[in-house]
Amino acid sequence: MGVGPPVLRLSGVSKTYASNGGHSLRALREVSMEVGRGEFVSLVGPSGCGKSTLLGLIAGLEAPTDGAIEIAAETDVSPGRVAYMPQRDLLLPWRSLLDNATLGAEVGGGDRAVARKRAQSLLPSFGLEGFADALPHTLSGGMRQRAALLRTVLLEREILLLDEPFGALDALTRAALQEWLLDVWERLKAAVLFVTHDVEEALWLSDRVYVMSRRPGSIQLDLAVDLPRPRTRDMRGTAGFAALKQRLLDALLADTA
Ligand SMILES: Nc1ncnc2c1ncn2[C@@H]1O[C@H](COP(=O)(O)OP(=O)(O)OP(=O)(O)O)[C@@H](O)[C@H]1O
Ligand SMILES: [Mg+2]
């Protein structure tokens, strides 16, 4: 983890949803975790274990039932402290790509003209040059994901929360976007908390990977990924990579036995 205090710290965070039938649903159980400044951390775990719930708590959309969340050593977790990309891209169908990209900055009270200018200048590095005026339905899945990421990046926060950003894409597009994301991350120097079901993706991108248990989700494993940077595709074929992958799979499978 980087130098200095972590930019994000969760201590004993639990979340129980009250439901209408009088039953309550325990989504998270005493989750403690940290993300260092500029660190790339992934979160893997079975479907329904509470990953999106956890991101929602960090983004300040809901409050934990128990425990504490600190962002940059402060307990103020009001919406807008972090840049959050939800599990679905949520582009507004009637707004152009550029207008979608600047939406978050506008809602956050930023200057529209400044946000548009910055978005324009970033289009080429997001592979979206020439598509500023395109409506979402005329874009490919990968382009929509990049547009949603552009919107997240334009918020200029120290922490990016990305919930399965490449979940619905084919393997080739996904591989290309993984490389591109590392490139963007290295330039931004922001911390990333990245949710994925793909253990190879998690390993290849991250400095560390947290494995969560089944619901109620808790942290099963905190795995440091000691592969050098910059990461290259051929690292996926190394014995070191295979050993890390096995540890992740063991932790995931131990829980389903
Ligand atoms: N607003 C809510 N009210 C009640 N229950 C909820 C709410 N949001 C999530 N849950 C429940 O909390 C549990 C965790 O859901 P969550 O979406 O966090 O899982 P997840 O790990 O992101 O799953 P996936 O990998 O499928 O995206 C689920 O059982 C879900 O039904
Ligand atoms: Mg989810």
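Residues numbered from 1 in each chain as written. Chains lettered and ligands numbered in written order. Predicted model: local features only at pLDDT ≥ 70, side-chain atom pairs only at ≥ 80, totals over all residues.

> Quick question: what am I supposed to make of the site of ligand 1 here?
Surrounding ligand 1, one finds 14 residues, the nearest of these being Tyr17, Ser47, Lys51, Ser52 and Thr53. Counting only elements with at least two residues in the shell around ligand 1, the list comes to strand E2 (24-35) and helix H1 (51-58). Top contributing element to the shell around ligand 1 by residue count: H1, with three residues. A breakdown of the residues in the shell around ligand 1 according to their chemical character gives four nonpolar, eight polar and two charged. (Near = placed C-beta within 6 Å. Helix = DSSP H or I, 4+ residues; strand = E, 2+ residues; numbered from the N terminus. Nonpolar A, V, L, I, M, F, W, Y, C, P; charged D, E, K, R; others polar.)

> Would you mind going over helix H8 (residues 239-254) with me for this structure?
With 16 residues, H8 extends 22 Å from end C-alpha to end C-alpha; this agrees with the ideal 22 Å at 1.5 Å per step. Where H8 is buried, its residues contact strand E3 (40-44), helix H7 (199-205), strand E8 (208-212) and strand E9 (219-224). (Expected span 1.5 Å × (residues − 1). Contact = placed C-beta atoms within 7 Å.)

> Looking at this structure, how should I read the domain arrangement of the protein?
By a widespread convention, an interface's size corresponds to the accessible area lost as its parts come together. Its domain assignment divides the protein into domain 1 (8-82 + 157-254) and domain 2 (90-156). Taking the mean C-alpha position of each, domain 1 and domain 2 sit 24 Å from one another. The element that contributes the greatest number of residues to the side of domain 1 that touches domain 2 is helix H6 (residues 171-188), accounting for four residues. For the side of domain 1 that touches domain 2, the per-class residue count stands at eight nonpolar, two polar and one charged. (Domains from an automatic or database assignment.)

> Would you mind going over the packing of helix H5 (residues 141-153) against H6 with me for this structure?
Each packed pair of helices is defined by two parameters, the angle between the axes and the distance between the axes. As a packed pair, H5 and H6 sit with axes 11 Å apart at the nearest point and diverge in direction by 15 degrees. Between H5 and H6, the crossing angle belongs to the class labelled roughly parallel. The interaxial crossing formed by H5 with H6 has right-handed handedness. On H6, the residues that touch Gly142, Gln145 and Val153 of H5 are Thr173, Leu177, Val184 and Leu188. Its residues placed into classes, the contact of H5 with H6 shows four nonpolar, three polar and no charged. (Axes fitted to C-alpha atoms, helices over the stretch in contact; angles between N-to-C directions. Parallel < 35°, antiparallel > 145°, perpendicular 65-115°, else oblique. Left-handed = near helix turned anticlockwise from the far one by under 90°.)

> What should I look at first to understand the sheet that holds strand E4 (residues 66-71) in this one?
Sheet strands associate in pairs through backbone hydrogen bonding, adopting either a parallel or an antiparallel arrangement. Here three strands make up an open sheet; going across it, the order is E2-E1-E4 and the pairing antiparallel. A strand with exactly one partner marks an edge of an open sheet, and here the two such strands are E2 and E4. For this sheet the average axis-to-axis angle between neighbouring strands, irrespective of direction, equals 25 degrees. (Pairing = 2+ DSSP bridges.)

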